[in-house]
Amino acid sequence: MSGIDAKRVRTRHFYEAKANGTKISALTSYDTLTAGIFDEAGIDMLLVGDSAANVVLGQKSTLSITLDEMITLAKAVTIAAKRALVVVDLPFGSYEASEKQAVLSASRVMKETDASAVKIEGGVGIAPTIRRIVDAGIPVCAHIGFTPQAEHQLGGAVVQGRGDSAKQLIDDALAVQEAGAFAVVLEMVPADVATEVTKKLDIVTIGIGAGNGTDGQVLVWQDAMGLNRGRKPRFVREYASIGDTLLEAARSYADEVSSGTFPGEAESF
């Protein structure tokens, strides 16, 4: 069952969900088929994440994916999403140079994909850019904690907000809220810190590796559904084993083609 009761999820429904204590579900999606299935399942938010660089394009980090590639993927998702709020990542290199660059990139996403919002990584330092995008009429979901685009600066996929750095995380959260973000993703943050941030904010928090005290959760769908058969982050719960199922199906297909049993009479004209 979906968390948000709406025929079409809007950013205003996120504020209502926060006020009502309604949990928000989110999954990544990068194509029409999965977007349609997740939308039908009642997932509240579909994130066209720059994680596509890893799980679609096979890259080691998110840094290589381009704005053009993100737009192509987002178009496929919005075609199928009839209810869910579609949020698109602004990829590395598309917003850091200036506020003008960020607005132009975000505008392209909105004009060319029919998405509902963009997502941007960073806290206090990126807050003025968030404000500028919001002032241009574009909803923004922020992203703090472990920010994959800053992976090399952070020294790898390391939990953020432990010990003395918890204050900085709280400052980042308050800054993006003040800048006008309608929601903020908290990635790889201690559960107690994420819970504290959630209580301090009026906007929705979406956790990924941030415990159960946030207002919602997001996972990369290939991890959650078992298509990724390799190493998975500790915070992932696997809800299916699609990778194993697909492997067996492909083997059966190859065997039947090799043996001459496919196609049969039923598949022939």
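The structure reproduced in this document is the subject of the present report. Computed from a predicted model, the values in this text were never measured in an experiment. (Residues numbered from 1 in each chain as written. Predicted model: local features only at pLDDT ≥ 70, side-chain atom pairs only at ≥ 80, totals over all residues. Heavy atoms only, no water.)

A few points about the overall build of the chain
Along the backbone of the chain there are eleven helices and eight strands. Relative to the 2.2 N^0.38 estimate, which gives 18 Å for 269 residues, the radius of gyration of the chain is 20 Å and therefore close to what a compact globule would have. Counting only C-alpha atoms, the chain reaches 65 × 40 × 40 Å along its principal axes. Looking at the chain as a whole, 49% of its 269 residues qualify as buried. Counting only contacts in the chain whose residues sit at least 6 apart along the sequence, the fraction spanning at least 24 positions is 57%. Surface summary for the chain: the accessible area is close to 13,300 Å², and the carbon and sulfur share equals 53%. The centroid of the 26 positive side-chain charges in the chain is displaced by 4 Å from the centroid of its 34 negative side-chain charges. (Helix = DSSP H or I, 4+ residues; strand = E, 2+ residues; numbered from the N terminus. Rg over C-alpha atoms; globule rule 2.2 N^0.38 Å. Buried < 20%, exposed > 50% of the residue type's maximum accessible area, 1.4 Å probe, protein only. Contact = heavy atoms within 4.5 Å. Areas by Shrake-Rupley, 256 points an atom, 1.4 Å probe, with all protein chains shown as cover. Lys, Arg positive; Asp, Glu negative; His and termini not counted. Charge placed at Lys NZ, Arg CZ, Asp CG, Glu CD.)

Observations regarding the packing of aromatic side chains
Per the stated rule, a full pass over the model turns up three aromatic pairs. Note on F38 and W221: the rings are 5.9 Å apart at their centroids and 65 degrees apart in plane angle, and the pair reads as edge-to-face. Placement of the pair is F38 in helix α2 (residues 32–41) and W221 in helix α10 (residues 221–224), with a sequence separation of 183 residues. No difference in accessibility class separates F38 from W221, as the two residues are buried. (Phe/Tyr/Trp six-rings, centres within 6.5 Å; stacked < 30°, edge-to-face > 60°.)

Notes on the pairing of strand β4 (residues 117–121)
For β4, a buried count of five out of five residues is recorded, marking the element as mostly surrounded by other parts of the structure. Burial along β4 is two-sided: A117, K119 and E121 and V118 and I120, pointing in opposite directions, are all buried. The pairing of strand β3 (residues 85–89) with β4 spans three bridges and is classified as parallel. Paired with V87 across the bridge in β4 is A117. (Pairing = 2+ DSSP bridges.)

Some words on the nonpolar core
Grouped together as the largest cluster of nonpolar side chains are 61 residues, with contacts concentrated most on L46, I130 and I133. If we skip the residues at most four places from it in the chain, I130 touches I120, V140, A142, V176, A179 and A181. Core analysis: the next-biggest nonpolar cluster, separate from the first, contains 20 residues, A6, A26, L47 and V87 among them. (Core = buried A, V, L, I, M, F, W, Y, C linked by side-chain atoms within 4.5 Å.)

Comments concerning the environment of A194
If you trace the backbone, A194 turns up in helix α9 (residues 191–200). With a relative accessible area of 0%, A194 lands in the buried category. In this structure the C-alpha to C-alpha distance between A194 and K167, which are 27 residues apart in sequence, comes to 11 Å. Setting aside chain neighbours within four positions, we find A194 in contact with L186, V189, A210 and T214.

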